[in-house]
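Given next are the chains, with one letter for each unit.
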Amino acid sequence: MPPPASSLLPLLFLLFLHPHPQCEAADSLAHYCSTDRSTTRLAASNIARVLLTLLSKTPSNGFYATSSGSGNTNKAYGLAQCRQDVRAADCKACLKDAAAQLPKLCPGQADARVWFDYCFLRYDTRPFTGQLDTGYGVFYISMTNISENAAEQRRFDRELGSLMSKVRGRAAARGSLGLAKLQTKFTPFVTIYALAQCTRDLSPLDCSQCVSTAVANFPGFCPHRNGCRALYSSCYVRYEIYPFFFPLAAGSSKAALAASLSIPVVVSP
Ligand SMILES: *[C@@H]1O[C@H](CO)[C@@H](O)[C@H](O)[C@H]1NC(C)=O
């Protein structure tokens, strides 16, 4: 059962009142900035160095974590993760946008993170790699229900639950690079496409935990909706009723047009 709207209110802050259609890769989906920790000049220059390293090293294998500098307050740590199904050229373009935007989105802040569909980029003056982080998240919720029929809605939520459970297992499996993508037919005409991508610094157990946290929130945030995306610092979890991961399934040119409007909702600890 979805929690009543009133119990979610303390957790939810609508970011925008406008629906957010699928648009150019240059638009980020969400960002997070620490508001209480600012950078020193030296840390800022280490952050700039970390960003350059991430831009040059990540596209070839889809993931990179690095650090620059020394000392407790001046050192900078960075991590970049592209979805492993995305081409290297698209990974590179995504990270270029991310690295250009992030320092402007979070000027002078020590902890900054930005999410795109193809990539995630984060830096901090404190070490964070290898640590599961589902403290801050953004859910993109489709405004369209899969059906108006209550029995069909329940059947969809059940099918989705079992699909996402397989996705969780695959993402955490050895050799998966934190990626799982699966599809299942809901009706002869409707296929559910699902994907999870954990950051590759996570242990399989932490990856599984991150995907679990996202999936556990789907019934509350996106009950029988046409699509939903969970953006956490440790994982990206998404389903749609059109193909969105690569290689694209046949007939997917129609699919992008069928993408329904979704709105972002922030979940804070
Ligand atoms: C979708 O279903 C929910 C019940 O879960 C209902 O409250 C809502 O009005 C429906 N939305 C639309 C657009 O039909």
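The shown structure was predicted, so the numbers you read here are calculated from the model rather than taken from an experiment.

### Looking at the overall build of the chain
Part 1 of the reasoning: When its secondary structure is counted, the chain shows six helices and twelve strands.
Part 2 of the reasoning: Looking at the chain as a whole, 49% of its 269 residues qualify as buried.
Part 3 of the reasoning: Taking the contacts inside the chain whose residues are at least 6 apart along the sequence as the reference set, 70% of them involve residues at least 24 apart.
Part 4 of the reasoning: Total accessible area computed for the chain in this model is approximately 12,900 Å², and 57% of it derives from carbon and sulfur atoms.

### Quick look at the site of the ligand
Part 1 of the reasoning: Taken together, Met143, Asn145 and His224 make up the full set of residues adjacent to the ligand.
Part 2 of the reasoning: Asparagine 145 has a polar side-chain atom sitting 2.4 Å from an oxygen atom of the ligand.
Part 3 of the reasoning: One nitrogen or oxygen atom from the side chain of histidine 224 is found 3.1 Å from an oxygen atom belonging to the ligand.
Part 4 of the reasoning: Within the complex, 38% of the 370 Å² of free accessible area of the ligand lies under protein.

### Considerations on helix H5 (residues 204-221)
Part 1 of the reasoning: Over its 18 residues, H5 extends 26 Å from the first C-alpha to the last, a length consistent with the 26 Å expected when each residue adds 1.5 Å.
Part 2 of the reasoning: Taken together, the buried positions of H5 are occupied by Cys207, Ser208, Cys210, Val211, Ala214, Val215, Phe218 and Phe221. Burial along H5 is one-sided: seen end-on, the buried residues are contained in an arc of 160 degrees. Opposite the buried face of H5, at more than 90 degrees from it, the exposed residues are Leu205 and Ala216.

### Comments concerning the packing of helix H2 (residues 41-61) against helix H3 (residues 88-105)
Part 1 of the reasoning: Relative to each other, H2 and H3 sit at 170 degrees, their axes nearing to 9 Å. The angle between H2 and H3 places the two elements in the roughly antiparallel class. Where H2 abuts H3, its residues Leu51, Leu54, Leu55, Thr58 and Pro59 lie against Ala88, Cys91, Lys92, Leu95, Lys96, Ala99 and Pro103.
Part 2 of the reasoning: Taken together, the residues that form the contact of H2 with H3 break down as nine nonpolar, one polar and two charged.

### Some words on the sheet that holds strand E5 (residues 111-115)
Strand pairing in a sheet relies on backbone hydrogen bonds. The paired strands run either parallel or antiparallel.
Part 1 of the reasoning: Read from one edge to the other, the open sheet built from five strands follows the order E2-E5-E6-E4-E3, with strand pairing classed as antiparallel. Either end of the sheet is taken by a strand with one partner, and the two such strands are strand E2 (30-33) and strand E3 (63-68). Sheet twist, expressed as the average angle between the axes of neighbouring strands with direction ignored, equals 5 degrees.
Part 2 of the reasoning: Sheet topology note: the E2/E5 ladder contains four bridges and is antiparallel. Pairing of alanine 30 across the sheet is with tryptophan 115, part of E5.
Part 3 of the reasoning: Docked against the sheet, H2 engages E3, strand E4 (76-82) and strand E6 (119-124), running at close to 155 degrees with respect to E3.

### Structural notes on the state of the cysteines
Part 1 of the reasoning: This model, assessed by the stated rule, comprises six disulfides.
Part 2 of the reasoning: For cysteine 82, the disulfide goes to cysteine 91, at an S-S distance of 2.1 Å. Residues cysteine 82 and cysteine 91 are joined by a disulfide whose S-S torsion is about 80 degrees; by sign, that bridge is right-handed.
Part 3 of the reasoning: Each sulfur of the disulfide joining cysteine 222 and cysteine 228 lies 1.8 Å from the other.
Part 4 of the reasoning: For the chain, the bonded cysteines pair up as 1-5, 2-3, 4-6, 7-8, 9-12, 10-11 when numbered in the order they occur along the sequence.

Criteria and thresholds
Residues numbered from 1 in each chain as written. Predicted model: local features only at pLDDT ≥ 70, side-chain atom pairs only at ≥ 80, totals over all residues. Heavy atoms only, no water. Helix = DSSP H or I, 4+ residues; strand = E, 2+ residues; numbered from the N terminus. Buried < 20%, exposed > 50% of the residue type's maximum accessible area, 1.4 Å probe, protein only. Contact = heavy atoms within 4.5 Å. Areas by Shrake-Rupley, 256 points an atom, 1.4 Å probe, with all protein chains shown as cover. Near = heavy atom within 4 Å. Polar contact = N/O pair within 3.5 Å; in protein donor to acceptor, adjacent residues only side chain to side chain. Expected span 1.5 Å × (residues − 1). Arc of directions from axis to C-beta. Axes fitted to C-alpha atoms, helices over the stretch in contact; angles between N-to-C directions. Parallel < 35°, antiparallel > 145°, perpendicular 65-115°, else oblique. Nonpolar A, V, L, I, M, F, W, Y, C, P; charged D, E, K, R; others polar. Pairing = 2+ DSSP bridges. Disulfide = S-S within 2.5 Å.

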